[in-house]
Amino acid sequence: MSIYTTPVLNINLKKLTENYNLLKNLCAPAIPAAVIKDDAYGLGAIKVAEALYAVGCRHFFVAHGIEGMRIRPSVPEAEIFVLQGIGEESYPCFKTARLTPVICSQEMLTFWEQHKIEGIRPAIQVETGLNRLGFSIAELGKLSQETLDSFSYVLSHLACADEQAHFMNNRQLNNFKIIKTRFFPNTPATLSASDGVFLGHDFHFDMTRLGAAMYGINTAPYRENQMQNILELKAPVLQIKNLGKGEFVGYSATFRAPIDMRTAIVSIGYGDGLPRSLSNRGKVIFYENGKPHFCQILGRVSMDNVICDITSLTNVKVGDFGYFINDDYTVDDVARDAGMIAYELISNLGKNQRFIKSYIK
């Protein structure tokens, strides 16, 4: 007999590139840049970058210089923008890997002017309403025309693009147009990430930054998700037990059996990135006769295991896989049940070192 004891995460790169191409078509003729920060949302930046580069992507965004340096060998001819900008500790990465910093403050601009890298034109981030990183209009007004003309792109970021009718979308769009007209009339511009793509052509400008939607997340929940799910997370059953009426389950005894039940103990927990908030509310899918059965998680999610209700099933056995994310129970579904956002969920899951991780091409 052969059984698994380790969770398995499958990442479908073919579907990822199809998502990228769909978004590319939606935002054409704007350049479709790929956001692969945080190790491609935890899914493996090198593998993701290689797949996207193979289908023609030549512009990438990361958060930190070290991320850009790691993917440079996989995308030799691409431009790599670094959203957190450049500083003393990251300067060697920029110089070695030929990275493009996104300058967000006067202090960072001063550092750049003292440490310019020949052949690199930085981008500049401006504030339009998110009130996070970026130059204000007052700060831009203090810059010389020569400095303003030195940037390769002007960038801002939408706060509420996941809500189509939110007043902030048009407010930020108008603010961005005012800034561009006044300070950057001849500079290419980028305002929208994935969710902004769905707001229409006015939000696309010269480049869009494709991130969460490319990974299958529904970033525009006011409409049906057009993206394909790219993830499959499954974990093996280690043991099956009978649970008598009145017996308790798991830490803190938060579930008590109302009837005689059968349970499956599955080898995954919060130590693998599965949210503890799925305790007594999450689901594990088992398949019988080709149909999915959604089995409730009973009691607390522990570090290495969950316990689920398989009373209604007859064929589940030790070694079978229970599914936690797939086409029938997507990252958006799991995030909803966990009371979190899908971005956070896949970032936590993807970086786990205990998974058997495989890529489907």
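Residues numbered from 1 in each chain as written. Predicted model: local features only at pLDDT ≥ 70, side-chain atom pairs only at ≥ 80, totals over all residues. Heavy atoms only, no water.

Regarding the pairing of strand β16 (residues 306-309)
Okay, so step 1: Side chains Val306 and Cys308 project from β16 onto a buried face, and the interleaved Ile307 and Asp309 project onto a face without burial.
Okay, so step 2: For strand β13 (residues 261-266) and β16, the ladder comprises four bridges, and the chain directions are antiparallel. By the bridge assignment for β16, Ile265 is matched with Ile307.
Okay, so step 3: Looking at chain direction, strand β15 (residues 291-298) and β16 are connected through two bridges and run antiparallel. The residue of β16 that forms the bridge with Ile297 is Cys308. (Buried < 20%, exposed > 50% of the residue type's maximum accessible area, 1.4 Å probe, protein only. Helix = DSSP H or I, 4+ residues; strand = E, 2+ residues; numbered from the N terminus. Pairing = 2+ DSSP bridges.)

A look at unusual backbone geometry
Okay, so step 1: A cis amide bond links Ala28 to the next residue, Pro29, at an omega of 10°.
Okay, so step 2: Along the chain, Pro29 turns up in the loop between α1 (13-27) and β2 (31-35).
Okay, so step 3: Positive phi, close to 55°, is recorded for Asp38, a residue that is not glycine.
Okay, so step 4: Mapped onto the secondary structure, Asp38 falls in helix α2 (residues 37-41).
Okay, so step 5: Among the residues examined, Asp38 registers a relative accessible area of 31% and is labelled partly exposed.
Okay, so step 6: Positive phi, normally seen in glycine, also occurs at Asn289, with a value near 55°.
Okay, so step 7: Considering the arrangement of structural elements, one finds Asn289 in the loop between β14 (283-288) and β15.
Okay, so step 8: Judged by relative accessible area, which is 75%, Asn289 ranks as exposed.

Quick look at the nonpolar core
Okay, so step 1: With 116 residues, the main nonpolar core has Phe60, Tyr215 and Phe286 as its most contacted residues.
Okay, so step 2: Looking at this core element by element, the count peaks at six residues for helix α3 (residues 45-54).
Okay, so step 3: For Phe60, the residues in contact, after removing those within four places along its chain, are Ala34, Ile36, Ala49, Leu52, Tyr53, Ile71, Val75, Ala78, Glu79, Ile80 and Phe81.
Okay, so step 4: Within the second largest apolar cluster, six residues are counted, among which are Leu243, Val249, Ala257 and Leu298. (Core = buried A, V, L, I, M, F, W, Y, C linked by side-chain atoms within 4.5 Å. Contact = heavy atoms within 4.5 Å.)

Description of the packing of aromatic side chains
Okay, so step 1: All chains considered together, the criterion is met by 10 aromatic pairs.
Okay, so step 2: Here Phe183 and Phe184 contribute two aromatic rings whose centre-to-centre distance is 6.4 Å and whose plane-to-plane angle is 55°, an arrangement assigned as tilted.
Okay, so step 3: Phe183 gets classed as buried once you look at its relative accessible area, which sits at 6%.
Okay, so step 4: Ring geometry for Phe294 versus Tyr329: centroids 6.1 Å apart, planes at 85°, classification edge-to-face. (Phe/Tyr/Trp six-rings, centres within 6.5 Å; stacked < 30°, edge-to-face > 60°.)

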